[in-house]
Amino acid sequence: EVVLEQSPGTLSLSPGERATLSCRATQSVGSSYLAWYQQKPGQPPRLLIYAASTRATGIPDRFSGSGSGTGFTLTITTLEPEDFAVYYCQHYGSSPFTFGQGTRLEI
Amino acid sequence: EVTLLESGGGLVQPGGSLRLSCAASGFTFSDYAMTWVRQAPGKGLEWVSSISGSAGSTYYADSVKGRFTISRDNSKNTLFLQMNSLRDEDTAIYYCAKAGWGVYSSHYWGQGILVTVSS
């Protein structure tokens, strides 16, 4: 089973700054089957990135994903007030399709 | 527009059963895998189960294997999750989600339905 470890647990930044979120897997995630989701309070998650680096429909280009194998990164280049939320990574190459524990991005 | 609407949640006693439904619209339902994800109060996301478009393949988290059954009715564009032998720790918001083309990433999500297991 692939276990995903996200870091940091909480990231405190200000609007306009750059955010870098990490997701590390205990085994290689085949063919970069790695996704990133954003979740705001009281809302369902929203897909940001899939296949490690492909932005989902309607996602602003300030969000980017990178990485392969066991190390992945979500970068938000210039934080907007609406970007403060919880972010999860998930692998979906082989079952179980586990999530990381999440990174809370706070102002 | 993709729409996913969960129903069937509520309060159930430990050891009881519940069947969740997810009505889908806005896409060719049988072409896409579907997934259930849950979130316990104040906790992170937990993948529960996925099913291929044809229903030929199903996948389960160890925490629900043998107790939950995922299924789908492609003629009615509906996804199901039959939950038996429910435990306190199954209390959560349950989301259904539509996968991407040929992959199991969750591209669209329903609003979720609350399941509470309590005596």
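Residues numbered from 1 in each chain as written. Chains lettered and ligands numbered in written order. Predicted model: local features only at pLDDT ≥ 70, side-chain atom pairs only at ≥ 80, totals over all residues. Heavy atoms only, no water.

**Some details on the overall build of chain B**
- Along chain B, the regular secondary structure elements total zero helices and eleven strands.
- Overall, chain B shows an N-to-C arrangement of helices and strands of β-β-β-β-β-β-β-β-β-β-β.
- A globule of 119 residues ought to have a C-alpha radius of gyration of about 14 Å, and chain B, at 13 Å, matches this closely.
- The C-alpha extent of chain B, read off along each of the three principal axes, is 40 × 25 × 25 Å.
- Put simply, of all contacts in chain B between residues at least 6 apart along the chain, 53% involve residues at least 24 apart.
- Within chain B, the 9 negative side-chain charges are centred at a point lying 3 Å from the centre of the 9 positive side-chain charges. (Helix = DSSP H or I, 4+ residues; strand = E, 2+ residues; numbered from the N terminus. Rg over C-alpha atoms; globule rule 2.2 N^0.38 Å. Contact = heavy atoms within 4.5 Å. Lys, Arg positive; Asp, Glu negative; His and termini not counted. Charge placed at Lys NZ, Arg CZ, Asp CG, Glu CD.)

**Structural notes on the interface of chain B and chain A**
- Listed per partner, the contact involves 20 residues of chain B and 17 residues of chain A.
- Both sides together, the interface formed by chain B and chain A hides about 1,500 Å², and carbon and sulfur atoms give 68% of it.
- Interface area lost by chain B to chain A is led by Leu45, Trp47 and Trp109 of chain B, which between them contribute 37%.
- Viewed at the interface, chain A and chain B are joined by two residue pairs in polar contact (both at pLDDT 80 or more).
- Secondary-structure elements contributing two or more residues to the side of chain B that touches chain A are β4 (34-39), β5 (45-51), β6 (58-60) and β10 (106-109) of chain B.
- Residue contributions to the side of chain B that touches chain A peak at four residues, all from β5 of chain B.
- Grouping the constituent residues of the side of chain B that touches chain A by class yields nine nonpolar, eight polar and three charged. (Buried area = accessible area lost by both parts, 1.4 Å probe. Polar contact = N/O pair within 3.5 Å; in protein donor to acceptor, adjacent residues only side chain to side chain. Nonpolar A, V, L, I, M, F, W, Y, C, P; charged D, E, K, R; others polar.)

**Describing the pairing of strand β7 (residues 63-68) of chain A**
Residues and elements named next belong to chain A.
- Where β7 lies against strand β8 (residues 71-76), six bridges are found, and the strand directions are antiparallel. Bridging across to β8, Ser64 finds its partner in Thr75.
- The hairpin formed by β7 and β8 contains two residues between the paired strands, and Gly69 there has a positive phi angle of roughly 70°. (Pairing = 2+ DSSP bridges.)

**Details of the side chain of Thr91 of chain B**
All names here are of chain B.
- The residue Thr91 is located in the loop between β8 (78-83) and β9 (92-99) in this model.
- Judged by relative accessible area, Thr91 falls into the buried class, the value being 17%.
- Within polar-contact distance, the side chain of Thr91 engages the backbone oxygen of Asp88 at 3.0 Å.
- Of note is the side chain of Thr91, whose polar atom sits 2.9 Å from the backbone nitrogen of Val117.
- What Thr91 contacts, discounting residues up to four positions off in sequence, is Ala40, Pro41, Val115, Thr116 and Val117. (Buried < 20%, exposed > 50% of the residue type's maximum accessible area, 1.4 Å probe, protein only.)

**A word on the sheet that holds strand β1 (residues 3-7) of chain B**
All names here are of chain B.
- Taken in spatial order, the four strands of this open sheet run β1-β3-β8-β7, and their pairing is antiparallel. Strand pairing shows two members of the sheet lacking a second neighbour, β1 and β7 (68-73), which therefore form its edges. Direction aside, neighbouring strands of the sheet carry axes that sit 15° apart on average.
- The pairing of β7 with β8 spans six bridges and is classified as antiparallel. By the bridge assignment for β8, Ile70 is matched with Leu81. (Axes fitted to C-alpha atoms, helices over the stretch in contact; angles between N-to-C directions.)

**Some details on the pattern of salt bridges**
Residue and element names in this part refer to chain B.
- Inspection of the entire model under this criterion finds six salt bridges over all chains.
- One salt bridge in this structure joins Arg38 and Glu46, with 2.7 Å as the shortest N-O distance.
- A relative accessible area of 5% means that Arg38 is categorised as buried.
- A relative accessible area of 29% places Glu46 in the partly exposed class.
- Here Asp90 and Arg67 are joined by a salt bridge, their closest N and O atoms 2.7 Å apart. In this pair, Asp90 sits in the loop between β8 and β9 while Arg67 sits in the loop between β6 and β7, placing the two residues 23 residues apart along the sequence. Each member of the pair, Asp90 together with Arg67, is buried.
- The structure contains a network of salt bridges with shared partners spanning Arg38, Glu46, Arg67 and Asp90. (Salt bridge = Lys/Arg side-chain N within 4 Å of Asp/Glu carboxyl O.)

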